[in-house]
Amino acid sequence: GAGSTNLPIEEVNDFSVRIDANEAGTLPRGSVYSSPGGGAILITSAGRVTTTQTWHDPGVPYLITELLYVFGPDAPVLTLEPGTVLQFASKAQMVVGSASLPGALIAEGTAGNAVFFTGVEENIDFWRGITFGPQALPTTRLNHTVIQYGGFRGDYAEANVAFARDLGPVVRNSLIRNSGGCGIA
């Protein structure tokens, strides 16, 4: 949690860390996470980010198994640093800004170190994608990102990235590929 430093977690049989989405920003920098199964950080099914926070690149993916929501009464902003990987299980989804509560996502990679949004499996339409709802904030940015293997068929948008309204030029220098439907809707 907050204040921890240099936390090595090695050779575990399951996930390196199991943590609530709203607490993932407290994981200490400089930590080592590794295990035979990959050492992912499991974001628990209570996947709600309701406070502004930054998820750094821990060297292993953050695993989202159901829904990851970024919205709340205090307009939370989730920032993902360069190299951060969010892996989504089958039919999992990320929703930024709901019909009534604001939220923002800032995924700020670099030309040599992108932020990844991907499926646990490399199959077209494996996960549902990222949806920016009606209250998504225009401060949202996807810069130097790779968004792939989303666009689950049967979902209302069938896209890797779906916008409920125009937020302006929020997607830049990004690769959107291998969607089951549209790249952006």
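What counts, and where the lines are drawn
- Residues numbered from 1 in each chain as written.
- Predicted model: local features only at pLDDT ≥ 70, side-chain atom pairs only at ≥ 80, totals over all residues.
- Heavy atoms only, no water.
- Pairing = 2+ DSSP bridges.
- Helix = DSSP H or I, 4+ residues; strand = E, 2+ residues; numbered from the N terminus.
- Axes fitted to C-alpha atoms, helices over the stretch in contact; angles between N-to-C directions.
- Buried < 20%, exposed > 50% of the residue type's maximum accessible area, 1.4 Å probe, protein only.
- Polar contact = N/O pair within 3.5 Å; in protein donor to acceptor, adjacent residues only side chain to side chain.
- Contact = heavy atoms within 4.5 Å.

1. A word on the sheet that holds strand β16 (residues 145–148)
No. 1: Read from one edge of the open sheet, seven strands run β2-β4-β7-β10-β13-β16-β19, paired in parallel fashion. Looking at the sheet topology across the chains shown, the edges are occupied by β2 (17–19) and β19 (175–177). On average, adjacent strands in this sheet sit at an angle of 20° to one another, irrespective of strand direction.
No. 2: Pairing of β2 with strand β4 (residues 41–43), which is carried by three bridges, proceeds in the parallel orientation. Across the sheet, the residue bridging to Val-17 is Ile-41, located in β4.

2. Considering the sheet that holds strand β6 (residues 53–55)
No. 1: A sheet is described by the order of its strands in space; here five strands give the open sequence β6-β9-β12-β15-β18, paired in parallel fashion. Either end of the sheet is taken by a strand with one partner, and the two such strands are β6 and β18 (171–172).
No. 2: Here three bridges tie strand β12 (residues 104–108) to strand β15 (residues 141–143), and the two strands are oriented parallel to one another. Within β15, the residue paired with Ala-107 across the bridge is Leu-142.

3. A closer look at the pairing of strand β10 (residues 85–88)
No. 1: Of the two faces of β10, the one holding Leu-86 and Phe-88 is buried and the one holding Val-85 and Gln-87 is not buried anywhere.
No. 2: Relative to β10, strand β7 (residues 62–64) is paired through three bridges, and the arrangement is parallel. If you follow Tyr-62 over to β10, its bridge partner there is Leu-86.

4. Overview of the pairing of strand β13 (residues 115–119)
No. 1: In terms of residue burial, β13 counts as a mostly covered element, since four of its five residues are buried.
No. 2: Where β10 and β13 come together, four bridges link them in parallel fashion. Bridge pairing in β13 places Val-85 opposite Phe-116.
No. 3: Inspection of the sheet shows β13 paired to β16 by three bridges, in the parallel sense.

5. What about unusual backbone geometry?
No. 1: Unusually for a residue other than glycine, Lys-91 sits at a positive phi of about 65°.
No. 2: Structurally, the position occupied by Lys-91 is in the loop between β10 and β11 (93–96).
No. 3: Looking at Lys-91, the relative accessible area reads 46%, which means it is partly exposed.

6. Quick word on the side chain of Thr-84
No. 1: Residue placement: Thr-84 occurs in the loop between β9 (77–80) and β10.
No. 2: Relative accessible area serves as the criterion here: at 0%, Thr-84 is assigned to the buried category.
No. 3: Separated by 2.7 Å, the side chain of Thr-84 and the backbone oxygen of Glu-81 make a polar contact.
No. 4: Ignoring anything within four residues of it in the chain, the contact list for Thr-84 reads Trp-55, His-56, Asp-57, Tyr-62, Ala-114, Val-115 and Phe-116.

7. A closer look at the environment of Asp-125
No. 1: As for its placement among the helices and strands, Asp-125 is situated in the loop between β13 and β14 (129–132).
No. 2: Judged by relative accessible area, Asp-125 falls into the buried class, the value being 17%.
No. 3: Sequence-wise, Asp-125 and Ser-179 are 54 residues apart; in three dimensions their C-alpha atoms are separated by 5.6 Å.
No. 4: Contact partners of Asp-125, with chain neighbours within four places excluded, come to Tyr-149, Gly-150, Gly-151, Phe-152, Arg-153, Asn-178, Ser-179 and Gly-180.

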